[in-house]
Amino acid sequence: MSLIIEKNRSKKSALFLTWIPLVLSILAVVLINFINARYNAVINRTLIFILLMLALRCIGNNFVRNLAGAFFLGLIATDLALQLYAWTNFNSIFTYGFALSVMNTNGSEAYSMLGLYWRDCSIFLALFVLFILTINSGLDAIPNKFRKYPLILLILLLTGYTVQAALHQMRKSKVDSMAQRVMNSTPLSTSKVFMQAFADINVVANINKNAPDYKITTTDTGIDNYILIVGESERTSNMSIYGYERETTPQLESQQNNILLFRHAVSPAPVTIMAVPLALTAASVKKPEPVLYGDNIIGVANKAGYETHWYSRQGKGGAYNNVITGIAMNTKQHQWVEGGFDDALLPLLSQALAKPGKKLIVLHIYGSHEPACKRFPETASFFKDGSKADDCYDNSVRFTDEFMGKIFSQLSHSRSSVFYFSDHALIRDPSRAVVYSHAGANPPKEALSVPAFIWYSPEVAENKKWTGDYNTPWSTDDTNTLAELWLGVHRAESKDKSLKSWLQTYQKPIMIMDTTGKTYNWNSMH
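Procedures and definitions
- Residues numbered from 1 in each chain as written.
- Predicted model: local features only at pLDDT ≥ 70, side-chain atom pairs only at ≥ 80, totals over all residues.
- Heavy atoms only, no water.
- Helix = DSSP H or I, 4+ residues; strand = E, 2+ residues; numbered from the N terminus.
- Buried < 20%, exposed > 50% of the residue type's maximum accessible area, 1.4 Å probe, protein only.
- Contact = heavy atoms within 4.5 Å.
- Arc of directions from axis to C-beta.
- Phe/Tyr/Trp six-rings, centres within 6.5 Å; stacked < 30°, edge-to-face > 60°.
- Lys NZ or Arg CZ within 6 Å of the ring centre and 35° of its normal.

Draft legend 1. Structural context of the environment of L345. Position of L345 relative to the elements: it lies in the loop between β5 (333-336) and α14 (346-353). Residue L345 is classed as buried on the basis of its relative accessible area, which comes to 0%. Through-space distance from the C-alpha of L345 to that of R313 is 7.5 Å; in sequence the pair is 32 residues apart. If near-sequence neighbours (up to four positions away) are discounted, L345 is found in contact with Y311, S312, R313, V337, L363, H364 and I365.

Draft legend 2. α14, seen in detail. Listed in full, the buried residues belonging to α14 are L346, L348, L349, A352 and L353. Within α14, the buried residues cover an arc of 155° as seen down the axis, which keeps them to one side. Elements that come into contact with the buried residues of α14 comprise β2 (225-231), β4 (307-312), β5, β6 (359-364) and α15 (388-411).

Draft legend 3. Molecular detail of helix α16 (residues 479-487). A large share of α16 lies buried, amounting to eight of its nine residues. Where α16 is concerned, the buried positions are T479, N480, L482, A483, E484, L485, W486 and L487. Downstream of α16 by a residue or two, G488 has a phi angle that is positive, lying close to 80°.

Draft legend 4. Looking closely at the packing of aromatic side chains. One pass over the full model with this rule turns up 18 aromatic pairs. Relative to F421, the ring of F419 has its centre 6.1 Å away and its plane inclined at 55°; by these criteria the two rings are tilted. Note on accessibility: F419 and F421 belong to one class, buried. In this structure an aromatic cluster arises from ring pairing among Y226, Y306, F419, F421 and W486. The ring of Y366 is capped by R375, whose NZ or CZ atom sits 4.3 Å from the centre of that ring. The aromatic ring of F382 is capped on one face by R398, whose charged end is 3.6 Å from the ring centroid.

In short, geometric facts, not functional conclusions.
Right, here's the structure in full:
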């Protein structure tokens, strides 16, 4: 009797020990993902990992089990090692920049770095061995009649994640791809970053490939320096030049005699990655085909013989920047500035202005992008008597105005012009945790009502200027056409003679596209 009891104990102990590698594997996945991911993402990834391990464990054929395990678990071990690499070496999540570095590393560079990052390689090997050991231990722990269920549950769970991603695209946003959203819910989450980097490389290449060949003529505009400033998240409702009670735009107001102010400018989309490409290229809400991104204002300026520059405070890569970066890369000089605030672009502007010849200089600023409190230095905190959200946002608007004032001053003794528009506006809702926020699906008008103006320096001849208030509703979807006329460039097939004549006859339905791809007529929106 005691022998039977002892046998049962030994059997239970052995069974318990077979589950230890699985527990350790699960702990590794949970702890490493908890470093940077939200709890819901950690849960999703862990569930997939557990079901995958059990499904692999249930494969009876040793060769098939280990072959499949080496493939899938090798990828997961790589994912975890990359996450730890970014965290331990840079105190960062595994980002787009890391993915590009990996993709652009050649064989000799990779070999030479093995000695430098041997600890990270050791972590990968340790995890890989642990995972392989796990799927090969306790093969009898799961009864035969239950062995098909882990795979079925794994397929069902992945299907659920796919449906969830599809619904998100239909209801909220199509900016991130469906595949990226699904992968972010699996233990291969870093693959999302690699997918985005690969997509960006293709986007940039295609923009360069699809540049059209057309004939142009140029007319004398009396201007040598054209500064195109792409603003960010600025609301007309918070600008005193548009009637706001707080004095947020004193510099603009002091220059009102030199400005053509668009009183009713409308953004075609509520997010940057949609609004800016629509503004700067031949693509439109009615024809949003990516092939049209190659026909853009930078290409036109290059063809007209202008020196082209692009200086940006925005990100260079990712789903929210890739098309914009592709357009920017066509300029003859381009640079992305990561530190400081928007005024960090001013030295680059000075350097560009010092060069001879006619030039188009694009400044892509951060403006009032949320969180607005981080868009200006402490010394620029002018408003302090309201709510934190309103004070921060209004201070960011005033800081942009000060930035404009410095540019006006810098250009005042040359034949120069500034064309400014904000990519989109924001919603203000005090009931939300984030009071000033982006719109998405079914955006309200306030998220699309943007400031826009053209400024002329005193050195530009009076007969070459058009100033005052422009009261016709106008869409920044047509910025590319307006910018060409501002530059004095005319396409052979175009009948438009001047910026003024084009704007005076501008009458067209203004269309909007939300983040799901649905379109609206501006006049029917609330």
